[in-house]
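# Understanding the architecture of this molecule
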Amino acid sequence: MAQLTLPQLERHLYAAADILRGKMDAAQYQDYIFGMLFLKRASDQFDVAQAALVKKLVTEGKSQEQAERISEARGAYKAHEFYVPQESRWSTIVGKSRTEPAEALNVALAQLENHNH
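For the structure given in this document, a descriptive report is provided here. (Residues numbered from 1 in each chain as written. Predicted model: local features only at pLDDT ≥ 70, side-chain atom pairs only at ≥ 80, totals over all residues. Heavy atoms only, no water.)

### What to know about the side chain of Thr-92
Basically, it comes down to this: The secondary structure listing takes helices from DSSP runs of H or I that are at least 4 residues long and strands from runs of E that are at least 2 residues long, numbered from the N terminus. Here a polar contact is taken to be a pair of N or O atoms separated by no more than 3.5 Å, where protein atoms must pair a possible hydrogen donor with a possible acceptor and residues adjacent in sequence count only if both atoms sit in side chains. Residue contacts are defined here by distance: any two heavy atoms, one from each residue, within 4.5 Å place the two residues in contact.
Structurally, Thr-92 is set in helix α4 (residues 90-96). Engagement of the side chain of Thr-92 in a polar contact is seen with the backbone oxygen of Gln-86, the distance being 2.8 Å. With near-sequence residues (within four places) excluded, Thr-92 lies in contact with Gln-86 and Glu-87.

### Comments concerning the pattern of salt bridges
Heads up, the condition is: We count a salt bridge whenever a side-chain nitrogen from Lys or Arg sits within 4 Å of a carboxyl oxygen from Asp or Glu.
Under the criterion given, the structure shown has three salt bridges. Residues Asp-44 and Lys-40 are paired through a salt bridge, measuring 2.9 Å at the closest nitrogen-oxygen approach. Residue Asp-44 and its partner Lys-40 are both found in helix α2 (residues 26-59); the two are separated by four residues, about one turn of the helix. In this structure, Glu-72 engages Arg-89 in a salt bridge whose closest nitrogen and oxygen atoms are separated by 3.0 Å. You can see Glu-72 sitting in the loop between α3 (64-71) and α4 and its partner Arg-89 sitting in the loop between α3 and α4, a full 17 residues away along the chain.

### Here we look at the nonpolar core
Rules: Nonpolar core, defined: a set of buried Ala, Val, Leu, Ile, Met, Phe, Trp, Tyr and Cys residues in which side-chain atoms within 4.5 Å join the residues together. Each residue is assigned to one of three classes by its accessible area relative to the maximum for its type, calculated with a 1.4 Å probe on protein chains only: buried under 20%, partly exposed between the two thresholds, exposed over 50%.
In terms of nonpolar packing, the biggest core is built from 15 residues, with Leu-39, Phe-46, Tyr-77 and Val-84 touching the most fellow members. Listing elements by their share of this core, those giving two or more residues are α2 and α5 (101-114). In terms of residues, this core owes the most to one element, α2, which gives seven residues.

### Concerning the packing of aromatic side chains
For clarity, the threshold we go by: Pairing of aromatic side chains here covers Phe, Tyr and the six-membered ring of Trp, requires ring centres within 6.5 Å, and sorts the geometry by plane angle: under 30 degrees stacked, over 60 edge-to-face, intermediate tilted.
Under the defined criterion, the tally for this structure stands at four aromatic pairs. Taking the centre distance of 5.3 Å and the plane angle of 85° together, the rings of Phe-46 and Tyr-83 count as edge-to-face. Taken together, the residues span a long stretch of sequence, with Phe-46 in helix α2 and Tyr-83 in the loop between α3 and α4 at a distance of 37 residues. Summarising the burial analysis for this pair, Phe-46 and Tyr-83 share the class buried. A network of ring pairs unites the aromatic residues Phe-46, Tyr-77 and Tyr-83 as a single cluster.

Rendered as structure tokens:
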């Protein structure tokens, strides 16, 4: 896969911002962009941690199904680890954001806060 250059990344980000912004003022949509970037990063990091936990549990003798079920519980992660509930994961947000992007973002951020206070 070819590496993305900085100018290409900037063009993609500006195009995405234009699509999301619609008729919103620039100062207003920046809140959505920052929220989405935060959720994307948190979700990506959690996916890595969750995959590592599942692998560890399977290595310890759990079935794949048991390991995946355990990995969905907040208690499976250390207190300092950021837990991302299903409602706040990027795959869920993308699926819901096509009809109500602002609502999907608000729900995702609220759930993320509820599970990490």
